[in-house]
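Architecture at a glance
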Amino acid sequence: MPEDKDHSEMNFLDHLEELRWRIIKIIITIFGGGLVVFWFIDIILKIMLYPISQVTSDSPIQLQVLSVQGMFLIKWTIAIIGGIIIAVPVITYQCWKFIAPGLYANEKRFALPFTLFSFISFSLGILFGYFVLIPYSLNFFSGLASGGIENNFSINYYFSFIVWILLGTGLIFQLPVVSLLLSIIGLLTPSFMRHYRRHSIIGILILASLITPPDPVSMLIMAIPLVLLYEISIGISWIIKRQIVI
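Reading the values: rules and limits
Residues numbered from 1 in each chain as written. Predicted model: local features only at pLDDT ≥ 70, side-chain atom pairs only at ≥ 80, totals over all residues. Heavy atoms only, no water. 1 Å grid on protein atoms, 1.4 Å probe; cavity = no way out; pocket = protein on both sides within 12 Å on 5 of 7 lines; lining within 4 Å. Points joined across faces, edges and corners; volume = space filled by probe spheres on them. Helix = DSSP H or I, 4+ residues; strand = E, 2+ residues; numbered from the N terminus. Nonpolar A, V, L, I, M, F, W, Y, C, P; charged D, E, K, R; others polar. Expected span 1.5 Å × (residues − 1). Buried < 20%, exposed > 50% of the residue type's maximum accessible area, 1.4 Å probe, protein only.

1. Here's the deal with empty space enclosed by the protein
- Applying the stated rule across the entire model yields one cavity of 30 Å³ or more.
- The volume enclosed by the largest cavity comes to roughly 30 Å³.
- If you trace the largest cavity, you find it lined by Leu133, Trp164, Ile165, Gly168, Thr169 and Ile211.
- In terms of residues, the lining of the largest cavity owes the most to one element, helix 7 (residues 155-172), which gives four residues.
- Within the lining of the largest cavity, the residues separate by chemical class into four nonpolar, two polar and no charged.

See the structure below:
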């Protein structure tokens, strides 16, 4: 064990006990956040339904509740997912605290920037999904209707679609955060990322095609910010390496 590491001796069971308590704290935060979201659930539902009113295709979207307990399940599902989103800073901080004992002193000072950066990146991803990807996707799919076919969607499938896009873009925008973490612990370097830039761009295009409607325009809409995020990740890795050396 290096001398400049602040790491107390812990056996395997001690690590499991620490992990258990950190998971409990995360669950409590998610539960508390879920209750807050459920308190404002009607407002949140209006926000999530707003993109439908912005659809400009000739076939407007109509939502239907197809089961007796449909709205009940939707509200609680959104509350739980909202609780997870609210708990992102706590989840990030608890994960950091769990691995922090194995880091050097000059690496531990990134705890607060790491937590804030993770939440900001996740929030930007959600905003990108809500204001860019969801409106375009709804217009694309609703515009496919023809020949007297109406766009009567199940409200369960609609919210599943919205939540999937929001969480997906939120997680994808964590790429610079992952780069930050891996650079801090020494598993990622700027030279490595630059060397595999072409491979990464191909992977980004494949990923963008999987999470967007099947057309080139929407794929590029998703791929461009992903490529920018990759370049930002290279810059972050370079900055972290310089800071750790200093």
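2. Examining the layout of surface pockets
- The space that makes up the largest pocket amounts to roughly 470 Å³.
- Lining the largest pocket we find 17 residues, and of these Ile44, Gly82, Ile85, Ile126 and Leu166 sit closest to its centre.
- A per-element tally of the lining of the largest pocket places helix 3 (residues 70-86) first, with five residues.
- Within the lining of the largest pocket, the residues separate by chemical class into 15 nonpolar, two polar and no charged.
- Roughly 280 Å³ of internal volume is contained in the second largest pocket.

3. Structural notes on helix 7
- Taking 1.5 Å of rise per residue, 18 residues should cover 26 Å, and helix 7 covers 25 Å from first to last C-alpha, within 8% of that figure.
- Of the residues making up helix 7, those classed as buried are Ile155, Tyr158, Phe159, Ile162, Val163, Ile165, Leu166, Thr169, Gly170 and Ile172.

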